[in-house]
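Topology and contacts: notes
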Amino acid sequence: MGGGMERINILLAGVGGQGIITMGKMIGNAAVNSGIKVFVAETHGLSQRGGSVQVHIRIGNVMAPLIEKGKADYIVGLEASEALRNLSYAGKGTVFILNKQTIKPVVPKVNTPDLEIVLQRLHGFRYYLVDGERIARDAGNPKGSNAVLIGFMVGMGFFGEMQKKAFEMAMITDPNVRCFNAGYAEAMTAKKTDAPEKIVTG
Amino acid sequence: MMPKAKFMIGNEAIAAAAVHAGVSVAAGYPGTPSTEIIENVRKFGPDVYVEWSVNEKIAFETAYGAAMSGGTGLVAVKHVGLNVASDPMFSSSYTGITGSLVIVSADDSSMWSSQNEQDNRFYGLHALIPVLEPYDVQSAYDLTLKAFEVSRLFHHPVILRTTTRIGHVRSNVIYEDHHEPLRGKVIKDPNTYVLAPENARSDRKKQLERWREISDYLSSLCSYEPDGGDSIIITGGISYSYLKEALEDAGIHTNVLRLDATVPIPESAILNHINGIRRVLVVEENDPVMEMQVADILLRNGKAVEFHGKDLIPIEGEMTFEKLKAGLFAFFGMKYSGSYFQDEPLTPRPPALCPGCPHRSSFFDIKKGLSRVSMQNSFFSGDIGCYTLGALPPFREQDSATNMGSSLGISNGVFRSTDQVPVAVIGDSTFFHSGIEGVANAVYNNTAEIIVVLDNRSTAMTGQQPSPSTAIDIGNVCRAMGIEYVETFDPFDVDAGEKAVQQAAEYVKKTLKPAVIIAKRACALEVLEKVDSETPKAYVDSNRCTGCTICYDFFTCPSILPLSNKKATIDDSCIGCGACVEVCPFNAISVKGEKPAGWEEAWNA
């Protein structure tokens, strides 16, 4: 195990409790299933309770666990606005995958972040907006938006030589596999119609 | 034995290696980023004795005692936990051990879940205990095995020092699952283990002898990777992994020396690779522990080189490519250009007390109860636990929280210097960890203070490990220690909570003696783990809701959200605890749905 595959840096950003550590585990397991080296760096403890959480995933010919700023290939906002909090990890070619969900910080007298504003700030980047909650609900697992987003990314071909099967094996539960496949199907539709893809050039 | 492979975090790898090395007694106190080590020992070795001790000192002594009797002991704690255990740790280096003793110090660089980022390699230098440092997840497994081997070989404790990105990084680890716990037998050797001055003096000589032998042995625990030129980079721990990748990517050719034992650094390890070298860079995370030792070796051996370390690599925070490359490139006269974009300065999203958390209700009750006696501006002497989040708005009921058990000692000092009655707030697990002595002191020295114990029946912050409060009644402990005023209340009962706080405050003001009130209700996450079926849900009656904002701005349950017309709504994250029902002055909130079996029992565990 080791090199043999180009390096992929994925930063997952979200809110503690959304299943972001599980999402990192699932992607990591898929890499292991593919025989490719992977590091998944998590933060535990207090970060799990409604706070901002980041998971760094590095796949391929890598030695260190954290992504260098400016070098993320993909930034996933499991909560859309959290992607912005990690903009320093983006380079000009970074692709954003945003879950169409914003969560109010548990702070008095603060509003839920506005999705439109989040998208405005990403002006100039290539991004995809995925309605993970709806797709997960329709697939029968309301908590499976993390698996939906993985399915979408696999469908878009973001994981190089890693096979769909390797991801299905990494989904832990059957409802997650259904969510994964629903996300995958969403990507297939998106590729045909270009519907949820937004590429805005500045 | 066929090797196996498993995708696991570094802490699991350490647990697996400890079991493989024959650990028979493993003890710790939960603390991020160390917790999963003790949790996983049992998984890999079901016949190992595993214990969550009441604090790190007891955990250390437990593993030390096992090693004293010839067994294989493991103690795993976070960096500040080792401060608590430092007393027996210094002794263990004097006495040595008959079996083996490995101390895992999980240091939290960047303070992801800690009050500081102390570099515990200094304990190695201070106590004369060798320190091994893994550089990735696989080496965490390999060097844990090595640590037990060194300990058994030299009858001396060994520290395995990890940082967050070792213990909490997941990777594929190749390991073996052979194990047989090496247990001890009663050995009577008081001349070694009773540290009376005469024995201690003789132990001291033996300790220094072992230290020299260990130092010689450790010179083999390094990897020299020559790649030409007159420079060498000396590194260890996670920094090695960043360095190797950075050198490869930038196409820099230089000699690299990785030390797996960063304390003590033997002279030979450095001198063997220094011929023809004119420039040295020491790359390490946090403090200049390697740098000081290497500089000392070079100086004493008359090696005049251009020497760099913390002038190029920052002390503060965990190692990153940005920090490493800035220093590394400067060393080679190159320029590092950082990232192009900056993080958006959004409203901070601090962690929050969970839906159903009894601490939220306690803070709400405390504030209201103290207001009744005009004490809402009291000094809140806080402590370490989920309830430290009570420092945040809207509660602001933690004015200090400096270390485990600090609430009682700090409140005593605040009272002595101000004559104002303080409120000490401490959790149940922290109470038994190091708060209990503070209660004794409050009685002994007669401190006028309100002690609020938030008893959620759990060591919750680190993932609901058990708490001694489920075996020992805190009220009885306080009464037995001489606290005359002890009351217990249910934090979900706002009226009772307010009243309990008010009456305790009145008692303290009148008698100038300490009072203890115990807010008793189980951690909501623990309750959810105990019930199988759906929980009830709370609903807002929009006809009754006036948009007064109390439930979402002053109680701040994450499940209660404001609508655009300021009225409240409750989302799917609600667990139906019902704590908000009494909080609403307009009776607009009600709980609907069946309570699952065991619901009340779980909350009142």
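What you see is a predicted model; the values in this text were computed from it and never measured. (Residues numbered from 1 in each chain as written. Chains lettered and ligands numbered in written order. Predicted model: local features only at pLDDT ≥ 70, side-chain atom pairs only at ≥ 80, totals over all residues. Heavy atoms only, no water.)

Another point: the nonpolar core. In terms of nonpolar packing, the biggest core is built from 77 residues, with Leu 370, Phe 431 and Ile 450 of chain B touching the most fellow members. Sorting elements by how many residues they give to this core places helix H19 (residues 494-511) of chain B first, with 7 residues. Mapped onto the domain boundaries, this core takes at least three residues apiece from domain 3 (358-528) and domain 4 (533-604) of chain B. When sequence neighbours within four positions are dropped, the list of residues in contact with Phe 431 of chain B reads Ile 426, Ile 436, Val 439, Val 453, Ile 474, Val 477 and Cys 478 of chain B. With 64 residues, the next largest nonpolar core counts Phe 39 and Val 62 of chain A together with Leu 160 and Phe 331 of chain B among its residues. (Core = buried A, V, L, I, M, F, W, Y, C linked by side-chain atoms within 4.5 Å. Buried < 20%, exposed > 50% of the residue type's maximum accessible area, 1.4 Å probe, protein only. Helix = DSSP H or I, 4+ residues; strand = E, 2+ residues; numbered from the N terminus. Domains from an automatic or database assignment. Contact = heavy atoms within 4.5 Å.)

This part takes up unusual backbone geometry. Residues and elements named next belong to chain B. In this structure, the amide linkage connecting Val 263 to the following residue, Pro 264, adopts the cis form with an omega of -10°. Summarising the element assignment, Pro 264 is placed in the loop between strand E12 (261-263) and helix H12 (267-271). Here the bond from Pro 393 into Pro 394 is cis, since omega is 5°, no more than 30 degrees from zero. Along the chain, Pro 394 turns up in the loop between strand E15 (380-381) and helix H16 (406-418). Notably, Arg 396 is not glycine yet its phi reads approximately 50°, a positive angle. Inspection of the secondary structure puts Arg 396 in the loop between E15 and H16. The backbone of Gln 464 shows a phi angle near 60°, a positive value even though the residue is not glycine.

Here we come to the domain arrangement of chain B. Residue and element names in this part refer to chain B. Each assigned domain of chain B is listed with its residue range as follows: domain 1 (4-219), domain 2 (222-332), domain 3 (358-528) and domain 4 (533-604). Placing the centre of domain 1 and that of domain 3 at their C-alpha centroids yields a distance of 34 Å. Buried area between domain 1 and domain 3, summed over both chains or domains, comes out near 890 Å², and the portion from carbon and sulfur atoms is 58%. On the domain 1 side of the interface with domain 3, the three residues burying the most area are Tyr 29, Val 54 and Gln 115, jointly 47% of the side's total. At the boundary of domain 1 with domain 3, the tally comes to 0 salt bridges. Summed over the shared surface of domain 1 and domain 3, the number is 5 residue pairs in polar contact (both at pLDDT 80 or more). Among the residues forming the side of domain 1 that touches domain 3, the class breakdown is 5 nonpolar, 5 polar and 2 charged. (Buried area = accessible area lost by both parts, 1.4 Å probe. Salt bridge = Lys/Arg side-chain N within 4 Å of Asp/Glu carboxyl O. Polar contact = N/O pair within 3.5 Å; in protein donor to acceptor, adjacent residues only side chain to side chain. Nonpolar A, V, L, I, M, F, W, Y, C, P; charged D, E, K, R; others polar.)

With that out of the way, let us pick up the packing of aromatic side chains. For the structure on display, the rule yields 23 aromatic pairs over all chains. Taken together, a centroid distance of 4.5 Å and an interplanar angle of 25° make the contact between Tyr 74 of chain A and Phe 158 of chain A stacked. Separated by 84 residues along the polypeptide, Tyr 74 of chain A in strand E4 (residues 72-77) and Phe 158 of chain A in the loop between helix H4 (145-155) and helix H5 (164-168) bring together distant segments of the chain. Looking at Tyr 74 of chain A, the relative accessible area reads 12%, which means it is buried. With a centroid separation of 4.9 Å and 80° between ring planes, the pair formed by Tyr 340 of chain B and Phe 341 of chain B is classed as edge-to-face. The exposure class assigned to Tyr 340 of chain B is exposed, which follows from its relative accessible area of 59%. The exposure class assigned to Phe 341 of chain B is buried, which follows from its relative accessible area of 19%. Put simply, the rings of Tyr 74, Tyr 128, Phe 152 and Phe 158 of chain A pair up and form one aromatic cluster. Geometry around Phe 331 of chain B places Arg 279 of chain B over its ring, the cationic atom sitting 4.1 Å from the centre. Seen from the ring of Phe 555 of chain B, Arg 360 of chain B lies directly overhead, with NZ or CZ sitting 5.7 Å from the centre. (Phe/Tyr/Trp six-rings, centres within 6.5 Å; stacked < 30°, edge-to-face > 60°. Lys NZ or Arg CZ within 6 Å of the ring centre and 35° of its normal.)

Residue and element names in this part refer to chain B. Mapped onto this numbering, the UniProt entry gives "binding site: [4Fe-4S] cluster 1" (unreviewed entry) at Cys 545, Cys 548, Cys 551 and Cys 584. Judged by maximum C-alpha separation, these annotated positions cover 40 residues in sequence but sit close together in space, the widest gap being only 10.3 Å. Tracing the backbone shows Cys 548 in the loop between strand E20 (537-540) and helix H21 (550-555). The residues contacting Cys 548, other than those within four sequence positions of it, are Pro 585 and Phe 586. With respect to the helices and strands, the residue Cys 584 is situated in the loop between strand E22 (568-570) and strand E23 (589-592). (UniProt positions renumbered as here; feature names shortened; annotations may be inferred.)

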